Amino acid sequence: MAIREIREIGDEILTKRSKEVKEMTPRVQTLIEDMIDTMYKSGGVGLAAVQVGVLKRIVVIDCSEDGDELHVLINPKIVETSGEQTGQEGCLSVPGKSGEVTRPNYAKVVFLDENMQPAELEGTELLARAICHECDHLDGKLYVDLVEGDLVDVNTEN
Ligand code: NI
């Protein structure tokens, strides 16, 4: 397990499209473990592989208060959305900032789990927001391009 360096806005890699994962390998498994460690250590609710500099379609998400609802999504594809929510959004790659973004209030995503078996996840509210935000990363998109109004400074605790 290891904490990896998080790439920040301005780094060109964050604008690139990530590639599908074809098979589970020890290297991919280690990447996933490191992404999980990096997300929790950084206090984020989600992290995409590209944010640690690896162009693979993998995201990890945990929106729970206690950090005990971990989702690992490989090759995720959003297949259904509905409703709308508008709220503050941030990103570990855009430290110290947040901005108001409108997202679907419900999202259903299909993906492969860590055994490369098909799986699906439905989320509302924060989880739906995180699913959409993280999947955008895999297509080289950052939330800052969706912000209504200005990015604002947020207080960071460390
Ligand atoms: Ni992000």
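Here, every reference points to the structure presented above.
**Q** Can you lay out the overall build of the protein chain for me, pointing to particular residues and giving the numbers?
**A** Regarding its fold elements, the protein chain presents 2 helices and 8 strands. The order of helices and strands in the protein chain, counted from the N terminus, is α-β-β-β-β-β-β-β-α-β. What you see for the protein chain is a C-alpha radius of gyration of 15 Å, in line with the 15 Å of a compact globule of 158 residues. Burial analysis of the protein chain (158 residues in total) assigns 44% to the buried set. Accessible surface for the protein chain amounts to roughly 8600 Å². Of this, 44% is attributable to carbon and sulfur atoms. Side-chain charges in the protein chain split into 16 positive and 31 negative, and the spacing between the mean points of these groups amounts to 10 Å.

**Q** Requested: an account of the pairing of strand E6 (residues 106–112), with residues and values cited.
**A** With 5 of its 7 residues buried, E6 lies for the most part within the structure. Here 6 bridges tie strand E3 (residues 71–82) to E6, and the two strands are oriented antiparallel to one another. Each residue of the ladder has a partner; that of Ile78, found in E6, is Val109. Relative to strand E7 (residues 118–124), E6 is paired through 7 bridges, and the arrangement is antiparallel. The partner of Ala107 across the bridge, within E7, is Gly123. Here E6 hands over to E7 after 5 residues, with Met116 in that stretch at a positive phi of 60 degrees.

**Q** Any details on the coordination of the nickel ion? Residues and values, ideally.
**A** At this site the nickel ion is bound by Cys91 (SG), His133 (NE2) and His137 (NE2), with donor distances of 2.0 to 2.3 Å. Donor residues for the nickel ion sit on one chain with the sequence pattern C-x41-H-x3-H. With Cys91 in the loop between strand E4 (85–89) and strand E5 (97–103) and His137 in helix H2 (residues 125–138), this pair connects stretches of sequence that are 46 residues apart. Classification of Cys91 as buried rests on a relative accessible area of 10%. A relative accessible area of 1% places His137 in the buried class.

**Q** Requested: an account of the sheet that holds E4, with residues and values cited.
**A** Strand order in the open sheet formed by 3 strands is E4-E5-E8, and the pairing between neighbours is antiparallel. Edge strands, defined here as strands with exactly one partner in the open sheet, are E4 and strand E8 (148–153). When strand polarity is set aside, the average angle formed by the axes of neighbouring strands in this sheet is 25 degrees. Here E5 runs beside E8; their pairing, made up of 3 bridges, is antiparallel. Counted as the bridge partner of Glu100 is Glu148 from E8. Against the sheet, H2 engages E4 and E5, with an angle of about 65 degrees to E4.

**Q** Tell me what's going on with helix H1 (residues 26–42), and back it up with residues and numbers.
**A** Counted at 1.5 Å a residue, the expected span for H1 with its 17 residues is 24 Å, and the 24 Å between its end C-alpha atoms agrees. Within the span of H1, buried status applies to Val28, Leu31, Ile32, Asp34, Met35, Ile36, Asp37, Thr38 and Met39. Contacts from the buried residues of H1 go to strand E1 (46–48), strand E2 (58–61) and E3. Two residues or fewer past H1, Gly43 is found with a positive phi of approximately 75 degrees.

**Q** So what's going on with the environment of Val52? Residues and values would help.
**A** With respect to the element layout, Val52 can be found in the loop between E1 and E2. Among the residues examined, Val52 registers a relative accessible area of 9% and is labelled buried. When the C-alpha positions of Val52 and Thr38 are compared, they lie 8.8 Å apart, and in sequence the two are 14 residues distant. Those residues within four positions of Val52 in sequence are excluded, and the remaining contacts are Arg4, Glu5, Arg7, Leu31, Met35, Thr38 and Leu47.

Rules of the game
- Residues numbered from 1 in each chain as written.
- Predicted model: local features only at pLDDT ≥ 70, side-chain atom pairs only at ≥ 80, totals over all residues.
- Heavy atoms only, no water.
- Helix = DSSP H or I, 4+ residues; strand = E, 2+ residues; numbered from the N terminus.
- Rg over C-alpha atoms; globule rule 2.2 N^0.38 Å.
- Buried < 20%, exposed > 50% of the residue type's maximum accessible area, 1.4 Å probe, protein only.
- Areas by Shrake-Rupley, 256 points an atom, 1.4 Å probe, with all protein chains shown as cover.
- Lys, Arg positive; Asp, Glu negative; His and termini not counted.
- Charge placed at Lys NZ, Arg CZ, Asp CG, Glu CD.
- Pairing = 2+ DSSP bridges.
- Donors = N, O, S within 2.8 Å, 3.2 Å for Na, K, Ca; no water.
- Axes fitted to C-alpha atoms, helices over the stretch in contact; angles between N-to-C directions.
- Contact = heavy atoms within 4.5 Å.
- Expected span 1.5 Å × (residues − 1).

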